[in-house]
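Take a look at the letters that make up each chain.
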Amino acid sequence: EPEVTQTPSHQVTQMGQEVILRCVPISNHLYFYWYRQILGQKVEFLVSFYNNEISEKSEIFDDQFSVERPDGSNFTLKIRSTKLEDSAMYFCASSGEGKQPQHFGDGTRLSIL
Amino acid sequence: SQKIEQNSEALNIQEGKTATLTCNYTNYSPAYLQWYRQDPGRGPVFLLLIRENEKEKRKERLKVTFDTTLKQSLFHITASQPADSATYLCAPGEDTDKLIFGTGTRLQVFP
């Protein structure tokens, strides 16, 4: 069964550094998402992306965050200047024409030191 | 504000019994509601989607009900197995791209 893949599985970064999290969505999917989950808390929506532009974003997704689909297969989340509170699991998801359901990757654990 | 409530305490049941998990929502008018499963350190896995005009949906040992009057969904796992142990998340959906998840209920099935 096709799946969403995310790399790396664990990223350790110094505060203030830039980080790029990578995702390969399911190949025929059209909608792409990023979510995050701080340890012990619920999964929170960050951003949705369709037709090469952001379709919706949450309050968490401020100017430090950006997303890109640099080619036909990858979808990236960039955090420009990381803060301690950015430490979390970041999940990528994708969905097909009907938008739902969404299919999630297994996440990147981001640790900011 | 919109609120999704799931049993915050873990649900412990014996293998072979039926597990029933509850999802209540307020200040929502969802067109559909989804249930996902999440294992520790893994991403959510889609299980079932039920639409507002459907009262009940089944898939193998899983059954979901959706009562828009009570603003509640019930999620049942029949003949539960230790492999069903996980956190189960509900996500009511409106006409929007994003999923808003509840905090989840942890299910533990004992042999």
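All of these numbers come straight from a predicted model, not from anything done at the bench.

Okay, the interface of chain B and chain A next. Taken together, the contact between chain B and chain A spans 18 residues of the former and 18 residues of the latter. When chain B packs against chain A, the two sides together hide about 1,600 Å² of surface, and 51% of this comes from carbon and sulfur. With a closest N to O distance of 2.8 Å, Asp97 of chain B and Lys99 of chain A form a salt bridge. Joining chain B to chain A, the criterion identifies 13 residue pairs in polar contact (both at pLDDT 80 or more). Those elements giving two or more residues to the side of chain B that touches chain A turn out to be β4 (32–38) and β5 (45–51) of chain B. It is β4 of chain B that contributes the most residues to the side of chain B that touches chain A, 4 residues altogether. Per-class residue counts for the side of chain B that touches chain A are 8 nonpolar, 7 polar and 3 charged.

Looking now at the sheet that holds strand β1 (residues 3–6) of chain B. Residue and element names in this part refer to chain B. If you walk across this open sheet you meet the 5 strands as β1-β3-β8-β7-β6, and the pairing is antiparallel. This sheet does not close on itself; its edge strands, each paired only once, are β1 and β6 (56–59). Going from strand to strand, the sheet's axes swing by 15° on average, the running direction of each strand aside.

Another point: the packing of aromatic side chains. The description of an aromatic ring pair uses the distance of the two centres, along with the angle that the planes make with each other. Applying the stated rule across the entire model yields 17 aromatic pairs over all chains. Each ring, one from Trp35 of chain B and one from Phe75 of chain B, has its centre 4.9 Å from the other, and the planes form 20°; the classification is stacked. Of this pair, Trp35 of chain B sits in strand β4 while Phe75 of chain B sits in strand β8 (residues 72–77); the two residues are 40 residues apart in sequence, bridging distant segments of the chain. As far as the burial class goes, Trp35 of chain B and Phe75 of chain B line up, both buried. Within the aromatic cluster, the residues linked to one another by ring pairs are Tyr33, Tyr35, Phe45 and Phe104 of chain A together with Tyr36, Phe46 and Phe101 of chain B.

What counts, and at which threshold
Residues numbered from 1 in each chain as written. Chains lettered and ligands numbered in written order. Predicted model: local features only at pLDDT ≥ 70, side-chain atom pairs only at ≥ 80, totals over all residues. Heavy atoms only, no water. Contact = heavy atoms within 4.5 Å. Buried area = accessible area lost by both parts, 1.4 Å probe. Salt bridge = Lys/Arg side-chain N within 4 Å of Asp/Glu carboxyl O. Polar contact = N/O pair within 3.5 Å; in protein donor to acceptor, adjacent residues only side chain to side chain. Helix = DSSP H or I, 4+ residues; strand = E, 2+ residues; numbered from the N terminus. Nonpolar A, V, L, I, M, F, W, Y, C, P; charged D, E, K, R; others polar. Pairing = 2+ DSSP bridges. Axes fitted to C-alpha atoms, helices over the stretch in contact; angles between N-to-C directions. Phe/Tyr/Trp six-rings, centres within 6.5 Å; stacked < 30°, edge-to-face > 60°. Buried < 20%, exposed > 50% of the residue type's maximum accessible area, 1.4 Å probe, protein only.

All we've got here are geometric facts, nothing functional implied.
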